[in-house]
Amino acid sequence: ERIEMQKKQFFATAALGLEPLLAAELIELEAEEVKEERAGVRFAGSLQTAYRLCLWSRLASRVLLPLSSFAAPDTDILYREVQKIDWSQHLGVANSFAVDCTTVRSQITHSRYGALRVKDAIVDQFRARAGERPSVSVEQPDLRINLHILKDLATLSIDLSGDSLHRRGYRIDGVHAPLKENLAAAILIRGGWPEISVAGGALADPMCFSWTLPLESALVATDTAPGLLRNYFGFLNWRQHDAELWQQLREEALQRQHVGLQRRLGPIVGYDTDGRAIKAAWQHAQNAGLDKIIHFEKRTLREF
């Protein structure tokens, strides 16, 4: 049986307070056994479900595939449990990896040290078996591993998103947005924008300094997958990645965007008094291929 058809358990993380919206979105994306938890939603599905979420979720921050859960009252036990996993199924010596760790109300209090012990366990397993070891890379590693310890219960997962999903791929490097893209999407969904845009309604942001609301609203209005511009995901160099399946999902998303861009849309406009912000907004709209859909202009709130 091919791996993408097998049902697995996943966890999608989100900003606090977005859990109910994310749960509703997951049901729409055909996830099963959807269950809200603190700062995220647990769900079941195939690899296809997880890939679709990485491509289409406007609200999730990360998509995690749990490998193992175990009691980890100290770092020696943590090290031993990590070694029980056959890491050669997930990466090779030529690959790079990184470990993220969060710890809440646990005896292992240092997240950095927790991450280091996981790294050591993986590296030592490769050394013992292959005489070589994969390298560690913090920026865009081939495999990102997530360790979450809550009240001494550790969950070790593969981060399929690889980088926070709020990074849509249109933002210019070094330009900071005060409003994260997935939070902007949540505001729009909460405000009923998906229904308003289908009905041909308009959106105006009179203080669009961060340009995020107009851009996110245009992605929704044109049925554009928010992950379509991203060229990095945590599963692309994972040993169990199904490239054919991913390509299919991307092509389907491109087709939907093509249809969405032909729609008759109401106006989407953003104004701000800061000329540099407007310049950056136009640049982002161009990067996203939405500069024909949105209009940005330097204007004061009084003029608006």
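What counts and how
Residues numbered from 1 in each chain as written. Predicted model: local features only at pLDDT ≥ 70, side-chain atom pairs only at ≥ 80, totals over all residues. Heavy atoms only, no water. Core = buried A, V, L, I, M, F, W, Y, C linked by side-chain atoms within 4.5 Å. Buried < 20%, exposed > 50% of the residue type's maximum accessible area, 1.4 Å probe, protein only. Helix = DSSP H or I, 4+ residues; strand = E, 2+ residues; numbered from the N terminus. Contact = heavy atoms within 4.5 Å. 1 Å grid on protein atoms, 1.4 Å probe; cavity = no way out; pocket = protein on both sides within 12 Å on 5 of 7 lines; lining within 4 Å. Points joined across faces, edges and corners; volume = space filled by probe spheres on them. Nonpolar A, V, L, I, M, F, W, Y, C, P; charged D, E, K, R; others polar. Pairing = 2+ DSSP bridges. Axes fitted to C-alpha atoms, helices over the stretch in contact; angles between N-to-C directions.

### A closer look at the nonpolar core
Next up, step 1: By size, the foremost hydrophobic cluster in this structure holds 61 residues, and its most contacted members are Trp87, Val118, Ile145, Leu156, Leu160 and Trp238.
Next up, step 2: Per-element accounting of this core gives the leading share, 7 residues, to helix H2 (residues 47-56).
Next up, step 3: When residues no more than four places from it in sequence are discounted, the contact partners of Trp87 are Leu67, Val82, Ile122, Gln125, Phe126, Ile145 and Leu156.
Next up, step 4: The next biggest cluster of nonpolar side chains, apart from the first, holds 21 residues, and it includes Ala177, Leu203, Ala218 and Ile278.

### Things to note about the layout of surface pockets
Next up, step 1: Roughly 780 Å³ of volume is contained in the largest pocket.
Next up, step 2: Along its surface, the largest pocket is lined by 22 residues, and Phe11, Arg38, Thr102, His148 and Leu150 are the ones closest to its centre.
Next up, step 3: Breaking the lining of the largest pocket down by element, the ones donating at least two residues are strand E1 (8-13), strand E4 (62-71), strand E5 (96-104), strand E7 (143-150) and strand E8 (153-159).
Next up, step 4: The leading source of residues in the lining of the largest pocket is E4, at 4 residues.
Next up, step 5: There is about 600 Å³ of room inside the second largest pocket.
Next up, step 6: Around the second largest pocket sit 20 residues that line it, and Glu25, Glu28, Arg58, Pro194 and Arg256 are the ones nearest its centre.
Next up, step 7: Put simply, the parts of the chain that give the lining of the second largest pocket at least two residues each are helix H1 (19-28), H2, helix H6 (193-198) and helix H8 (243-261).
Next up, step 8: Looking at the lining of the second largest pocket residue by residue, the class counts come to 9 nonpolar, 1 polar and 10 charged.

### Structural notes on empty space enclosed by the protein
Next up, step 1: All chains considered together, the criterion is met by 1 cavity of 30 Å³ or more.
Next up, step 2: A volume near 40 Å³ is recorded for the largest cavity.
Next up, step 3: Classifying every residue of the lining of the largest cavity by side-chain character gives 7 nonpolar, 1 polar and 1 charged.

### Quick look at the sheet that holds strand E9 (residues 203-205)
In any sheet, the strands associate via hydrogen bonds between backbone groups, in a parallel or an antiparallel arrangement.
Next up, step 1: With parallel pairing, the 3 strands of this open sheet are ordered in space as E9-E10-E11. Of all the strands in the sheet, the pair left with one neighbour each is E9 and strand E11 (294-298). On average, adjacent strands in this sheet sit at an angle of 15 degrees to one another, irrespective of strand direction.
Next up, step 2: Here E9 runs beside strand E10 (residues 268-272); their pairing, made up of 3 bridges, is parallel. Bridging across to E10, Leu203 finds its partner in Ile268.
Next up, step 3: Docked against the sheet, helix H9 (residues 275-287) engages E10 and E11, running at close to 165 degrees with respect to E11.

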